[in-house]
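In case you want the letters, here they are:
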Amino acid sequence: MLQRKLLIIVAAIAVIAGCTTRKPYKMLEGVAWNTTFHIIYSSSASLDDSIHDIMRQVELSISPYCDSSTISKINRNESMITDSMFRKVFLKSKHINNISQGAFDPTIAPVINLWGFGSGKAAEHTPSQHQIDSALQLMGIDECFLTPSDTIVKKHPGTEFDFSAIAKGYGCDAIAEMMRRNGCLNFMIEVGGEIVVDGNSPRGTDWNVMIDAPLQAHDSILHDGIAVISVTSCAIATSGNYRNFRNVDGAIYGHSISPSTGRPAENSTLSVTVVAPECITADALATACMVMNIDSAINMIERIDNVSALFVTADENGQWQLRTTSRFPKLIH
């Protein structure tokens, strides 16, 4: 989801030689998966072609915006044959669905489409309760499963998958794995706000990551940091409604749709930033936290090893409040 952004603070963003390494830092940026990406890595050889290749593989597997992708064919019931990328994302989604007690469910696609946040056209009117109830009947990733022959069985022919809340995180992980295989140990990968960092930044220190304040803007993207964290060897993902919302029938609705009600979640949480060993995990958990009661979300995060979160909420006066779980990195204001 395009609204989730984290800005990387790097002393130099040109191709530079780090004083603590023999390998120069390179930068690659562009557009992929309907969002922007920025990648900085230390390597004697260019890995740009390999990065683009992985991005294309992810698109052909789990992008609902690509008509020929595996997920699109499954959604249209043209083929139930999966590939390795689809299977990994599907199994991780089932796991997060279980530990979040259903708060994360990629089969919510028909409901998301009703509200105009999916791959279809924007909603012109607020969906009726009958439409919502009908779409909810198609949901349930816990009732979908893989067969020994790697085909997928859906709950219903009308069940559709939308891995938008986990795909960018998985893509960042896939690029990171490729870099490590090629001996690249110092890098920052950011795709649509999802991040994986390892090793050192060009300054020879940990990577400083700025967490955006949840500023809502209709015609532009605003970047104003609410905090900075210094990290390495981890993944970071932020979810929030402040950049992905719709005006339907004169009312503003955020994109965080509750799988239990089929309606935009109603709580005081403005954004959630999750730090985890893998970005696929951080991405999915951040989405789940956005639709959960904040106390339940914090309790869930505290129970997961090596995972932490920062919650930005609004009090009755609209003032921002920051709450962190016990293991969240120190905030640098």
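Above this text you will find the structure in question.
A brief report on the enclosed structure follows. (Residues numbered from 1 in each chain as written. Predicted model: local features only at pLDDT ≥ 70, side-chain atom pairs only at ≥ 80, totals over all residues. Heavy atoms only, no water.)

## Here we look at the overall build of the protein
Along the backbone of the protein there are eight helices and 16 strands. Out of the 333 residues belonging to the protein, those deemed buried represent 54%. A total of about 14400 Å² of accessible surface is found on the protein, and carbon and sulfur atoms cover 49% of it. (Helix = DSSP H or I, 4+ residues; strand = E, 2+ residues; numbered from the N terminus. Buried < 20%, exposed > 50% of the residue type's maximum accessible area, 1.4 Å probe, protein only. Areas by Shrake-Rupley, 256 points an atom, 1.4 Å probe, with all protein chains shown as cover.)

## Points about helix H1 (residues 48–62)
Counted at 1.5 Å a residue, the expected span for H1 with its 15 residues is 21 Å, and the 21 Å between its end C-alpha atoms agrees. If you follow the buried residues of H1, they end up packed against strand E3 (24–32), strand E4 (35–42), helix H2 (70–75), helix H3 (84–99), helix H6 (164–181) and strand E7 (187–191). (Expected span 1.5 Å × (residues − 1). Contact = heavy atoms within 4.5 Å.)

## Observations concerning the packing of aromatic side chains
Here the structure, examined in full by the defined rule, presents five aromatic pairs. A centroid spacing of 6.3 Å and a plane angle of 15° characterise the contact between Phe86 and Phe90, whose relative ring orientation is stacked. Of the two residues, Phe86 and Phe90 are both situated in helix H3; the distance of four residues between them amounts to about one turn of the helix. This pair shows no difference in class: Phe86 is buried, exactly as Phe90 is. Ring geometry for Phe161 and Phe163: centres 5.8 Å apart, planes at 20°, overall stacked. Judged by its relative accessible area of 1%, Phe163 falls in the buried class. Of the aromatic side chains, those joined through ring pairs into one cluster are Phe86, Phe90, Phe161 and Phe163. (Phe/Tyr/Trp six-rings, centres within 6.5 Å; stacked < 30°, edge-to-face > 60°.)

## Some remarks on the pairing of E7
Working note: regular strand, side chains alternate between the two faces of the sheet. In terms of burial, E7 is largely enclosed, as five of its five residues are buried. The side-chain alternation of E7 yields two buried faces, one formed by Phe187, Ile189 and Val191 and the other by Met188 and Glu190. Sheet topology note: the E4/E7 ladder contains five bridges and is antiparallel. Looking across to E7, one finds that His38 is bridged to Glu190. Two elements, E7 and strand E8 (residues 194–198), share five bridges in a ladder whose sense is antiparallel. Its bridge partner lying in E8, Glu190 is registered against Ile195. The antiparallel pairing of E7 with E8 creates a hairpin that spans two residues between the two strands, and Gly192 there sits at a positive phi of about 60°. (Pairing = 2+ DSSP bridges.)

## Observations regarding the nonpolar core
Of all hydrophobic cores here, the largest spans 66 residues; its most connected members are Phe161, Phe163 and Met179. With residues up to four places along the chain from it excluded, the contact list for Phe163 reads Ile62, Ile71, Phe86, Val89, Phe90, Ser93 and Pro106. Core analysis: the second largest hydrophobic core is formed by 19 residues, Ile226, Cys234, Val275 and Phe328 among them. (Core = buried A, V, L, I, M, F, W, Y, C linked by side-chain atoms within 4.5 Å.)

## Here's the deal with the pairing of strand E10 (residues 225–231)
Burial of E10 is extensive: five of the seven residues sit out of reach of the surface. Both strand E9 (residues 207–212) and E10 contribute to a ladder of six bridges, which runs antiparallel. Across the sheet, Asp212 pairs through a bridge with Gly225, a residue of E10.

## Considering the state of the cysteines
Overall, the coordinates contain zero disulfides when judged by the stated rule. In this structure Cys172 is a free cysteine whose sulfur lies 4.6 Å from that of Cys279, the closest cysteine sulfur available. The cysteine Cys234 is free of any disulfide, with Cys279 supplying the nearest cysteine sulfur at 9.4 Å. (Disulfide = S-S within 2.5 Å.)

## Some details on the side chain of Thr281
The topology assignment puts Thr281 in helix H7 (residues 279–291). What makes Thr281 buried here is its relative accessible area of 11%. When near neighbours in sequence (up to four residues on either side) are disregarded, Thr281 contacts Lys92 and Ala276.

## Re the packing of H1 against H6
Contact geometry of H1 with H6 gives a least axis separation of 10 Å together with a crossing angle of 145°. When the axes of H1 and H6 are compared, the crossing they make is right-handed. Touching Ser50, Ile51, Ile54, Met55, Val58 and Ile62 of H1 are Ala167, Tyr170, Gly171, Ala174, Ile175, Met178 and Met179, all from H6. (Axes fitted to C-alpha atoms, helices over the stretch in contact; angles between N-to-C directions. Left-handed = near helix turned anticlockwise from the far one by under 90°.)

## Observations concerning unusual backbone geometry
Residue Trp33 is not a glycine yet carries a positive backbone phi of 55°. Along the polypeptide, Trp33 turns up in the loop between E3 and E4. Residue Trp33 is classed as buried on the basis of its relative accessible area of 18%. Positive phi, close to 60°, is recorded for Asn306, a residue that is not glycine. Mapping Asn306 onto the fold places it in the loop between helix H8 (294–303) and strand E15 (308–314). The exposed category is assigned to Asn306, whose relative accessible area is 60%.

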